[in-house]
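Chain residues, written in single-letter form:
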Amino acid sequence: MTTPLLEVRGLKMHFPITEGVIARRRLGEVKAVDGVDLTIGKGETLGLVGESGCGKTTMGRCILRLETPTGGEIRYNGVDVAKLSRKDLMALRRRIQVIFQDPYSSLNPRMKIGTILSEPMKVHGIVPDSRKRADRVRELLTLCGLNPGFADRYPHEMSGGQRQRVGIARALALEPEFIVCDEAVSALDVSIQAQIINLLEDLREQFNLTYLFIAHDLSVVRHLCQRVAVMYLGRVVELASCDEVFENPQHPYTKALLAAVPVPDPSVEAGRLVQPLSGEVPSPINPPPGCVFHPRCPIAVEECKRERPEPREIRPGHWAACSQIA
Amino acid sequence: MPLLEVKNLCTEFRTGAGVVHAVDGISYTVEPGETVAIVGESGSGKSVGALSLLRLIPNPPGRIVAGEVIFGGRNLLTLSNDAMRQVRGGDIGMVFQEPMTSLNPVLTIGRQITETLEQHRGADRAECDRRANELLRFVGISDAGRRLKQYPHQLSGGMRQRVMIAIALACDPKLIIADEPTTALDVTIQAQILELMQRLTHQLGVALIIITHNLGVVARYADRVNVMYAGRIVETGRAADIYHNPQHPYTMALLRSVPRLDRPRQARLDPIEGQPPDLTRLDGGCSFRARCRFAVEACAAARPALVASGAEGQSAACWRSGDLAPESEPGRAA
């Protein structure tokens, strides 16, 4: 395997739930991320999938240090991100960038596209010359498949797909090596989604980028990623190469997730019996004891209610957190 | 006789930028007990078309400018407002995308179900409560007695959508219109809700119009499909025919652009290049031609109408649909 660019060990992000304005009382905590281990190699794309509330976005935010984790460590090139000073954090942010889900709310409506793209360069003091910056903006726009003339437009003058291209151009402005794509194609129509996925792939190749691709659409993840981590209620329940997860899923949750996706082919669907997973995702405030998946699990036994299964390497490179897998 | 017949429906919105022809002359039918899917991307007019059936288009800026909607022998577009209110939630039930915003946050679940029953059935209190309880159990909500006293915010998204379905079913409708019923939900919950809707509509013989952009959902649940693009139906037919032998270049391109879990991984996706057209500036030609691989000069001259093409009951609005075998398509991956 390639040397890990990012190494996450026992990551925990617990948000406190408080009551009262003056005398703050702590009522409990939301265990958004509760002990996650993973690594991402240079040039690799790791997919992070799961349903809403499973902690995948919080994971991404911790890696970007937009949240300060409450436990565990995140090592980027061997350096613990959580312990960085302001100045070192600034330097880190040049190398780690993010593309957000919603192309409508992630661009400042009062800024022209040119300003949006040149701001990160200004903040980080690269390309100090304003004329050169304008050149660089045009270059970035072209790179992302937009007309360089868009630099003078405002976000509202553009479609969702075009805005997402601006979001990607902004992430590239600082020539990062690692990009967190948080549901970067989820808000787009299918025909546009394919354009953006192709763009992300082209850029990955051209700049040797590493992606953490957070998404809930399994078919997109399968297309784009080399390895996949499946999260449920703040934990990674399965982690393996893309082919392994999709061809040979081991964890009952992964199996259920894959079975729930209808395929765009009526003849395949006509012969497919779907037994949807019963129940709903429990609250991360008070997660069930033992295996967090046991209340919905079709193969749960008594033991699952008591003991929390740790991820085991079932075969080389294929990890799953389930005591019932042989 | 079809349950619902839509003829040349046109809905437009007057905006600062000009008149948006959101729905531009669509015609289709729905047979009793059948599930018809309306697929298309944002702005294709699929939601506006469905809301127009129930006259739920805010006016101004919207206006239904032409067409007929024949349901149960009556044209819904010429009914009085009172008569229309009896149809909505009575013979035609509705399920919307966002269950949080379509339920009233200050009324209990029970009240929202019984309100429908009182309005349409004039049933008394005890009868309403009994029916509400029965409906909740019917849509798979356990502990119905307690749930009826709760407010929407106390329920999860999937649970709220079940309540919406219960309300839609309350007055034994003949047709349910579901506008992106599972788009806001997670995949495992989406599967629960769709399987539930399919089971209930089959069991009760209710016809369903399901509006979605998810091609997988359409493949699994629809009997027939209308594909919309820029306010028009560009292809219609049985689901199996549309998927296996699409006749319109847009349908072909749409099916090809999605990555699929049931096929080997492709090296590269095949997107539809370009953007959907600006609906205020449609010209006389085919609105897909700018993005179409097969466009010829004739496509700019006049807009094609739906004509029979492919299997029985299948038709496409394309000047070239006759001579487009998908195999002959340029750049098609085998």
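Calculation criteria
- Residues numbered from 1 in each chain as written.
- Chains lettered and ligands numbered in written order.
- Predicted model: local features only at pLDDT ≥ 70, side-chain atom pairs only at ≥ 80, totals over all residues.
- Helix = DSSP H or I, 4+ residues; strand = E, 2+ residues; numbered from the N terminus.
- Rg over C-alpha atoms; globule rule 2.2 N^0.38 Å.
- Buried ≥ 20, exposed ≤ 12 C-beta atoms within 10 Å, placed from the backbone.
- Contact = placed C-beta atoms within 7 Å.
- Nonpolar A, V, L, I, M, F, W, Y, C, P; charged D, E, K, R; others polar.
- Axes fitted to C-alpha atoms, helices over the stretch in contact; angles between N-to-C directions.
- Parallel < 35°, antiparallel > 145°, perpendicular 65-115°, else oblique.
- Left-handed = near helix turned anticlockwise from the far one by under 90°.
- pLDDT = per-residue confidence, 0-100.
- Pairing = 2+ DSSP bridges.

1. Quick word on the overall build of chain B
At step 1: Scanning chain B for helices and strands turns up 12 helices and 12 strands.
At step 2: Taken over the C-alpha trace, chain B has a radius of gyration of 21 Å; the compact-globule value for 334 residues is 20 Å, and the two agree within 12%.
At step 3: Considering only C-alpha atoms, chain B reaches an extent of 65 × 50 × 40 Å along its principal axes.
At step 4: Classification of the 334 residues of chain B by burial places 51% in the buried group.

2. Quick look at the interface of chain A and chain B
At step 1: Taken together, the contacts link 34 residues of chain A with 37 residues of chain B.
At step 2: Only α6 (190–207), α7 (218–224), α9 (252–259) and α10 (266–270) of chain A provide two or more residues apiece to the side of chain A that touches chain B.
At step 3: In terms of residues, the side of chain A that touches chain B owes the most to one element, α6 of chain A, which gives 6 residues.
At step 4: For the side of chain A that touches chain B, the class distribution of residues is 18 nonpolar, 10 polar and 6 charged.

3. So, the packing of α6 of chain A against helix α11 (residues 249–257) of chain B
At step 1: In contact at an axis separation of 9 Å, α6 of chain A and α11 of chain B are set at 45° when each is read in the N-to-C sense. Here α6 of chain A is positioned oblique relative to α11 of chain B, judged by the angle of their axes. Here the hand of the crossing between α6 of chain A and α11 of chain B comes out left-handed. Contacts between α6 of chain A and α11 of chain B involve V190, S191 and A194 of chain A from the first element and A253, L254 and S257 of chain B from the second.
At step 2: In terms of residue class, the contact of α6 of chain A with α11 of chain B is built from 4 nonpolar, 2 polar and no charged.

4. Here's the deal with the confidence of the model for chain B
All names here are of chain B.
At step 1: Averaged over all residues, the pLDDT of chain B equals 89, while 97% of them reach at least 70.
At step 2: In the predicted structure, residues 327–334 sits below a pLDDT of 50 and forms 6 contacts with residues beyond four places in sequence or in another chain.
At step 3: Note on the complex model: pTM 0.88, ipTM 0.84.

5. Overview of the sheet that holds strand β12 (residues 315–316) of chain B
Residue and element names in this part refer to chain B.
At step 1: The mixed open sheet is built from 8 strands, whose spatial order is β6-β7-β8-β3-β9-β10-β12-β11. Edge positions in the open sheet fall to β6 (92–95) and β11 (307–308), since each of these has one partner strand only.
At step 2: As paired elements, β6 and strand β7 (residues 175–179) share 4 bridges and run parallel to each other. Bridge pairing in β7 links M94 to I177.

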